[in-house]
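Each chain is listed here by its residues.
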Amino acid sequence: MKKIAVSLVLAASLGLAACSGAEEATTEAAAEGTEAAAETAVEGADVATDAAATATDAAATATDATAKAGEMTDKAGEMADKAGEMADKAGEMADKAGEAVKK
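Residues numbered from 1 in each chain as written. Predicted model: local features only at pLDDT ≥ 70, side-chain atom pairs only at ≥ 80, totals over all residues. Heavy atoms only, no water.

Q: Would you explain the overall build of the protein in this entry?
A: Along the protein, the regular secondary structure elements total two helices and zero strands. Sorting the 103 residues of the protein into buried and exposed places 8% on the buried side. Carbon and sulfur atoms form 65% of the exposed surface of the protein, whose accessible area is close to 8,200 Å². (Helix = DSSP H or I, 4+ residues; strand = E, 2+ residues; numbered from the N terminus. Buried < 20%, exposed > 50% of the residue type's maximum accessible area, 1.4 Å probe, protein only. Areas by Shrake-Rupley, 256 points an atom, 1.4 Å probe, with all protein chains shown as cover.)

Below you can see the structure in the form of C-alpha cells.
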C-alpha cells in the first residue's frame with residue numbers, strides 16, 4: 001500500500017510538471033519535493049497504524065482484565081455461599097450441643 005501511495009503521488013507530480021511546461025530542473029525539484037512529501041505521509045501512516053495497533057492491544061488487555069475481574073467476583077460469591085453453608089452447619093451443631101447439655 002505504501003508503494004502504491006508513493007507511486008500515485010509521484011505520478012501526479014510528474015504529470016503536473018509535464019503539463020506546466022517547466023524546465024527539466026524544475027520538474028526534478030518538484031518530483032523530489034513530492035517524493036519527500038509522500039515519504040513523510042507514508043511515515044505518518046505507519047505511526048498511525050502503530051498507534052491503532054497499540055490501542056487495540058490495550059483494549060484487548062482491558063477486556064481480559066474485565067473478564068478476570070468477573071471470574072474473581074464469581075469465585076468470591078461461591079466462597080461467600082460456602083461460608084454461609086458452614087455458618088448454617090455451625091448453627092446446627094450449636095443447637096445439637098445445646099440440646100445435649102439440656103439432657
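Q: Just to check I follow, could you spell out the pattern of salt bridges for this structure?
A: Opposite charge on two side chains makes pairing possible when the charged atoms of those side chains draw close. Under the defined criterion, the tally for this structure stands at two salt bridges. Across the pair Glu71 and Lys68 runs a salt bridge whose closest N-O atoms are separated by 3.9 Å. Within this pair, Glu71 and its partner Lys68 are both found in helix H2 (residues 24-102), separated by three residues, close to a single helical turn. On the accessibility criterion, Lys68 (51% relative accessible area) is exposed. Between Lys75 and Glu78 there is a salt bridge, with its nearest N and O atoms 3.9 Å apart. Of this pair, Lys75 and Glu78 both sit in helix H2, three residues apart, which is roughly one turn of that helix. Looking at Glu78, the relative accessible area reads 45%, which means it is partly exposed. (Salt bridge = Lys/Arg side-chain N within 4 Å of Asp/Glu carboxyl O.)

Q: I would appreciate a short explanation of a negative patch on the surface in the present structure.
A: Together, Asp81, Glu85, Asp88, Glu92, Asp95 and Glu99 line one region of the surface with negative charge. With respect to the helices and strands, Glu85 occurs in helix H2. (Patch = residues over 30% accessible without salt bridge, like charges linked within 9 Å, V, L, I, M, F, W, Y side chains within 5 Å. Lys, Arg positive; Asp, Glu negative; His and termini not counted. Charge placed at Lys NZ, Arg CZ, Asp CG, Glu CD.)

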